[in-house]
Amino acid sequence: MNASKRGKKPMLVRLTEADLPAVAALEAAHGWPVGGSEAQWKTALADPATAVYGLMAGDAPMGDELLGYAAVARLPFEAELQAILVDEALRGQGLARQLLSVVADQARDWGSERLLLEVRAGNAPAIALYRAAGFREDGIRRGYYPPLPSRDSSALHAPDTPPPRQAGAVREDALLMSLALG
């Protein structure tokens with residue numbers, strides 16, 4: 001599916017608990033092995049120090065299909081991008097850039113000095129997005145992320161359990177990045 005084929009620009013909305021099934025479906029469709037559990041999402045959506053935005057498409061007043069989402073948490077002097085995901089079939093259309101922009105705006109509204117994030121060191125498309133948005137590299141956490149399971153093995157474990165370990169798999173570094181908001 002291509003967002004432009006729908007004839008309408010995706011609508012940016014603040015997600016609520018009612019959007020949990022759409023978030024879970026998007027994560028499951030992309031084999032996210034570390035996506036939050038339903039309880040974690042409910043907590044995040046109810047927390048005034050967390051904002052979760054989604055891009056919706058469709059004919060219903062608030063849209064009927066979640067194309068992507070981003071979650072940001074308010075910290076004492078900073079904000080942290082907790083997650084960002086865009087439907088794989090829609091990547092390269094500026095949707096992640098749009099989500100990142102609203103997250104940065106939310107952090108500014110909170111009075112945050114910087115927007116922080118961490119990303120898998122091997123996720124070149126995400127790193128390019130963040131650099132283009134003005135993020136700087138602050139450091140590396142060595143061996144921070146567990147190995148990603150193959151698409152086949154991700155379907156073999158329950159959603160709220162970690163994926164099975166793969167023999168000989170190496171943990172991946174996390175790249176720490178920040179964007180000055182002042």
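As a reminder, the structure under discussion sits directly above these lines.
Residues numbered from 1 in each chain as written. Predicted model: local features only at pLDDT ≥ 70, side-chain atom pairs only at ≥ 80, totals over all residues. Heavy atoms only, no water.

S.K.: Could you clarify how one ought to interpret the packing of helix α1 (residues 20-29) against helix α2 (residues 38-46) in this entry?
M.R.: How two helices pack is summed up by the angle between their axes together with the distance between the axes. With their axes 11 Å apart at the nearest point, α1 and α2 run at an angle of 130° to one another. The pairing of α1 with α2 is recorded here as oblique in orientation. Here α1 and α2 pass one another in a crossing that is right-handed. Of the residues in α2, those touching α1 at L20, V23 and E27 are E38, W41, K42 and L45. Residues belonging to the contact of α1 with α2 are distributed by class as follows: four nonpolar, no polar and three charged. (Axes fitted to C-alpha atoms, helices over the stretch in contact; angles between N-to-C directions. Helix = DSSP H or I, 4+ residues; strand = E, 2+ residues; numbered from the N terminus. Parallel < 35°, antiparallel > 145°, perpendicular 65-115°, else oblique. Left-handed = near helix turned anticlockwise from the far one by under 90°. Contact = heavy atoms within 4.5 Å. Nonpolar A, V, L, I, M, F, W, Y, C, P; charged D, E, K, R; others polar.)

S.K.: Help me understand the pattern of salt bridges, please; the structure alone is not making it clear to me.
M.R.: Any two side chains of opposite charge can pair, so long as their charged atoms come close to each other. Scanning the entire structure with this criterion turns up nine salt bridges. One salt bridge in this structure joins R114 and D138, with 3.7 Å as the shortest N-O distance. With R114 in strand β5 (residues 114-120) and D138 in strand β6 (residues 136-145), this pair connects stretches of sequence that are 24 residues apart. The class of D138 is partly exposed, set by a relative accessible area of 37%. Salt-bridge contacts for D138 lead to R136; the nearest nitrogen and oxygen are separated by 3.4 Å. For R136, a relative accessible area of 55% translates into the label exposed. (Salt bridge = Lys/Arg side-chain N within 4 Å of Asp/Glu carboxyl O. Buried < 20%, exposed > 50% of the residue type's maximum accessible area, 1.4 Å probe, protein only.)

Nothing here speaks to function; it is all geometry.
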